[in-house]
Amino acid sequence: MPTARRWRVPRRFLTMGLSALLTTAGALAVTGQPAAAGVSRWVVPTSMSYIDARQPTTAFPIAAGAEAPVGTWEADGAKHTSRAYFTFDLTPYLGKEIVNAELQTGETAVDDCTKPRELELWRTDTPAATPTWADAPAVREKVGDLAPDFTPCPASYLEMLVTAAVQRAVDEGRDSLTLMARIAGDHEEGKHLSRRIKRPGISLTANAAPNVPGKLTVSGLACADGLRIGTTTPTFSAEVTDPDMVDGHAGDQVTATFAWWPVDRPEQRTEWTSYSRYAPARFTYAVQPGLMVNAGTYAFAVKAADQRADSGWSPECRFTVDTKVPPTPKVTSTDYPSGWNWPGSGGVGIPGQFTFTATGADDVAGFRYGFWYATTYVAADATGTATVSITPEQDGPTRLYVQTVDKTGNRSPDTVYEFIVRNTAPTVTDGDPDARLGHPRTFTFAPNMTGVVEYVWQLNDGAEHTVGADAEGRATAVVTPTTAWNTLHVRSRTRDGLVSGDAAYNFYVRSEPLVSSAQWPLDGSVGAPVGTKGSFVFKPGMDGVAEYVYSINWGEQVTVPAGEDGSATVSYTPESAYWHSIQVFSRTADGDESATADLSFEVASLAPTAESAVYPRNGTGGGPGVPGTFTFRPHEGSTGVTSYVYTFRGEPERTVAAGSDGTATIEWTPSGTYDEMWGGWTELQVRARTADGVTTDPDFYSFRVDPLSPMVSSDVFIWGGTATVGTTGDFTFTAQLPGTTEFVYSFDGGPEQIVAADVAATARVGWTAGSPYNHELVVRSRTAAGVTSGPAYYQIWIDQG
C-alpha cells in the first residue's frame, strides 16, 4: 500500500533525495507546513514496461528499480525504438477531488546532451496485459512535455503536473491510469534524442468530503421516533468522521454546522458552525435560553465540512419539549406504615411491600426511590402504579425518598416517606462481666421478635455457632474472649426462617492492673499535699502476673516484682502540686503484657502566699528605684515553716528566715533602669521550707513596676493638629519620678539629648518641623543617682502645608 502523508513533499526535499525516493515504494515525506484538506501519498506504478519497434510482438516488463529506455537506441549493432508505459492504481481516489498530482522521475542516461529534451507524456488506455508494439494500447490524449527547458543533463530530477489527467480519469470512473513516455513525433527515430528514465512516481494529494454526520443526540438521548426532552435549552451533538485518514489516525480538520427549526415553522431556521477539530470528533451545540418553549416540536440536522468540501445534511432528528414536572408520588405500605410509631414495624432483613402512585398524571413511566437518595428505578404499570419490595438494613427512624418519572424523563420533587423499622436484634446479657481475659463468660440471649427457635452467634470475626432457643425463645452461650475489645454478634431466627438484626454486643475484657492509693484518690478528688510520703497499690487484672512496669507522668519506667498474691506496692513522694498521672501495665513470666492503666490524681498544694502594698499582685505599683516590702505567709495546711526561698525574675535565689508565726517580710527595690522588655512586669517565686526539710511547691506572684514616665505636652504640636513644615514650637516635660534632675529625649529615633529639670521637675524644649507626616518624641526622666523612668511616647502630625 502507498504510504500516506499529511503534507505535500517540498521540492527541495525531492531534489536532494529523489533518487532514493523513486526507488522506494511508499516512501514517506513530511514537512512543517500548515494543515490542508486531503491526504498526500507517493504513488508508484503497479506495472511498468516498454515496447520495441524492432521486436513488435515481444513485451518487455520493467522490474522495480530498473530504468526505462525511451526513443531510438542501438544494441549489438541493431537499432531499437522504444516507448515506456506506467500504470497507476486509482481505486483509492474514485469519487475524490484531486487537489494536486505531480509526476516525478529522473534521467539515468542521455545519448546526446547537446540536443533538446523532447520527452512527451501521453495518456493511453490501460492494457489488459503487458503491451507489445503490435498491440500497444490506444492513445487518448497528450498530457504534456516533461521538463523541456530543464537544463541539467542528464537530469536526476524531472517533474510535471498531471492533476488534470488524473482528475479526468477519476471523474470517468477509471480505476487506473496508464501514461506513456515517448520522444516527440518524427524525432522519435533520432538516436541522439534518446534517454533512459527512472521509474516515476506521482506525488498525489486527494480530498474526500467528510462523511455525513451520524449518532445524533439531544441532551444525551439518541434520536428516535417520539423523542421527548425535559428542557428548553437542549444540547445537540453529532459525530463527524472523514475518509481522509492517515493509517487509521486523525483525519482532516473539520467543522460541524448545526441547523434547527420548529417543525411547523421551518422558515425559522437557525444555523451555527463550530470551530474546526480533527476528525473523528463529536461536536456539540447548546440552544440558548428563550428560544424553545414547552410542548414545541423541533428538528435539527448536521452537516460537516473540511477546507475543500461539505458533506450532505444528516437525516433530521425530531423531538418534543416537555418540561412539565410530574406530580409527587403517594407512598403506602401495610408492612411499614407511615409515621414515628414506636416500636415500629418489620425489622432489619424483613422485606416489605411499598406502593407508589402518581395521582393525576397520564404519562408516568416509573419511579425512582432509595433510602438516602432516589437512585433505584422501577417501571410503572399501565395505571401509573408500581409496587416494590424493600428490605431495611438498619432499624430505627427511616426515610424513603421517592420521585415520579414521566415518559420524558422529568422527575418530580421527592416524597419523603417516614417510618420506623422495629429493632428485632436479640437482647444480650453478660453473666460474668468481671471475668478475666481467657476465662469463659456466659451470655444470655432473649428474643425481640415472636417465634424465635434459635440464635446464631459469632465472636468478633470467628466462626458462627448456632444454639437452640427454649420455649420462651431464650438461649445461653459460653464465650471465651482472648482479646480485650470484643463484639459478640447475635441474630435470632424464627420458625419461618426470618432472621433478626445483629445485636452487635460490645464488651471489654479488662487486663490492665487495678491501681489504688490511700493518699491520692483516683476519683478526681484532691489528695495529700506536696512532700507527703505515700504509696500506690497494683493488683492484677489477668492471670499469672509476675511484675509491674510503671511510670509517673510518662517519665522513666520502673519495674517492680509482684507478690505471691500478684499485687505490688510502690512508694511515692510528689515534688509538685496539682495534676499528675500514673501509667501501669503488668507482665507474666512468659512475657505477655496487659493493657496499660493510665490514671490521673491531684496533689494538694502547700504553696505559701505573698503580698505587697506597694507592688500588688497582678497590679501596677511602685516605680524604678522605689522600694517595696513583701510579706510571705505559710499555706493554711502547712506547719513548722522555718524559712522561705524566693527569687525575682533575673535575680539570684535568696532565703529569708520565718518568724515564730511562720511569716517573713523582705524589702525589694527594682532596678534603677525601667525594664522595657517586659513592660515592667516582674514575677516573684516563693517556696516554704519546714523544719523536717520539706520544700513546698512555689507561689507565683506577678506584678508590674509603674514606669513613672514623664508627661509631655505642647500647645503647638498635637496629633491631628494643623502644624505644617517649618512650624516652631515648645514641648513641656513634667516628671512623675521623684528626685528627677534631668530629662533624656530624642526625636524620630535620632540621638538622645538632655535637658535639666527645674525645681518643679519640669523642662521645656523647642523644635522645628522639618518634614511632613508622622513624627515621634520619646522622653525619659532621670534622677541624680541615675534612676531612669519608663519612656513616654508623644506622636506628632505635620501637614504638608
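Our subject is the structure that appears above.
Residue positions within a chain follow its written sequence, with the count starting from 1. Owing to the predicted nature of the model, reporting of local features is limited to residues with pLDDT of at least 70; listing and counting of side-chain atom pairs is limited to 80 or more, with chain, interface and lining totals taken over all residues. The basis for the side-chain values is all heavy atoms of the structure; hydrogens and waters are excluded.

Peer 1: Provide a residue-level description of the pairing of strand β42 (residues 545-552), including the pertinent values.
Peer 2: Two strands pair when backbone bridges link them, and β42 and strand β45 (residues 578-588) are joined in this way by 7 bridges, in the antiparallel orientation. Residue pairing across strands places valine 549 opposite phenylalanine 585, the latter belonging to β45. Criterion used throughout: strands pair if DSSP finds at least two bridges between them. Each helix corresponds to a stretch of at least 4 residues labelled H or I by DSSP, and each strand to a stretch of at least 2 residues labelled E; elements are numbered beginning at the N terminus. Here β42 runs beside strand β43 (residues 558-561); their pairing, made up of 4 bridges, is antiparallel. Across the sheet, residue valine 549 finds its bridge partner in β43, namely threonine 559. The turn linking β42 back onto β43 is made up of 5 residues, and asparagine 553 within it adopts a positive phi angle of 55 degrees.

Peer 1: Could you give an account of the environment of glycine 462, with specific residues and numbers?
Peer 2: Assignment of secondary structure puts glycine 462 in the loop between β34 (452-459) and β35 (464-468). On a C-alpha basis, the gap between glycine 462 and alanine 528 in space is 49 Å, while along the polypeptide they are 66 residues apart.

Peer 1: So what's going on with the packing of aromatic side chains? Residues and values would help.
Peer 2: Only the six-membered ring of Trp is used, alongside the rings of Phe and Tyr, when aromatic pairs are assigned; centres must lie within 6.5 Å, and planes under 30 degrees apart are stacked while those over 60 apart are edge-to-face, with the rest tilted. Tallied over the entire structure, the rule returns 54 aromatic pairs. Between the aromatic rings of tryptophan 272 and tyrosine 285, the centroid separation amounts to 5.3 Å while the plane-to-plane angle is 25 degrees, which identifies the pairing as stacked. Pair noted here: tryptophan 272 is in strand β20 (residues 270-273) and tyrosine 285 is in strand β22 (residues 281-286), with a separation of 13 residues, a long-range link. Note on classification: 1.4 Å probe, protein chains only; a residue is buried when its accessible area is under 20% of the maximum for its type, exposed when over 50%, partly exposed between these limits. By relative accessible area, which is 33% here, tryptophan 272 ends up partly exposed. A residue is classified by how much of its surface remains accessible, and tyrosine 285, at 11% relative accessible area, is buried.

Peer 1: Lay out the state of the cysteines with the relevant residues and their values.
Peer 2: Note on terminology: a disulfide is the covalent bond linking the sulfur atoms of two cysteines. The disulfide criterion used throughout: a pair of cysteine sulfur atoms within 2.5 Å. Taken as a whole and judged by the stated rule, the model has 2 disulfides. Residue pairing for cysteine 113: its cysteine sulfur links by disulfide to cysteine 153, the two sulfurs lying 1.9 Å apart. Of note, the bridge from cysteine 113 to cysteine 153 carries an S-S torsion of about -80 degrees and is left-handed in sense. Remark: cysteine 153 occurs in the loop between β10 (139-145) and β11 (158-161) and cysteine 113 occurs in the loop between β8 (107-110) and β9 (119-124); sequence separation between them is 40 residues. Taking the relative accessible area as the measure of exposure, cysteine 113 reaches 40% and is therefore partly exposed. When its relative accessible area of 29% is taken as the criterion, cysteine 153 is described as partly exposed. There is a disulfide in this structure between cysteine 223 and cysteine 317, and the S-S distance comes to 2.0 Å. Where cysteine 223 bonds to cysteine 317 through sulfur, the torsion about that S-S bond is close to -100 degrees, and the disulfide is left-handed. A residue pair is termed long-range when its members are at least 10 positions apart, and cysteine 223 in the loop between β16 (221-222) and β17 (228-229) and cysteine 317 in strand β24 (residues 317-321) qualify at 94 residues.

Peer 1: Just give me the short version of the sheet that holds strand β44 (residues 568-572), but keep the residues and values in it.
Peer 2: Spatially, β39-β41-β44 is the arrangement adopted by the 3 strands of the open sheet, whose pairing is antiparallel. In the strand order of this sheet, the two ends are held by β39 (514-516) and β44, each with one partner. Recorded for the sheet is a direction-independent mean angle of 20 degrees between the axes of neighbouring strands. Angles shown run from 0 to 180 degrees and are taken between the N-to-C directions of axes, each axis being a line fitted to C-alpha atoms and, for helices, limited to the stretch in contact.

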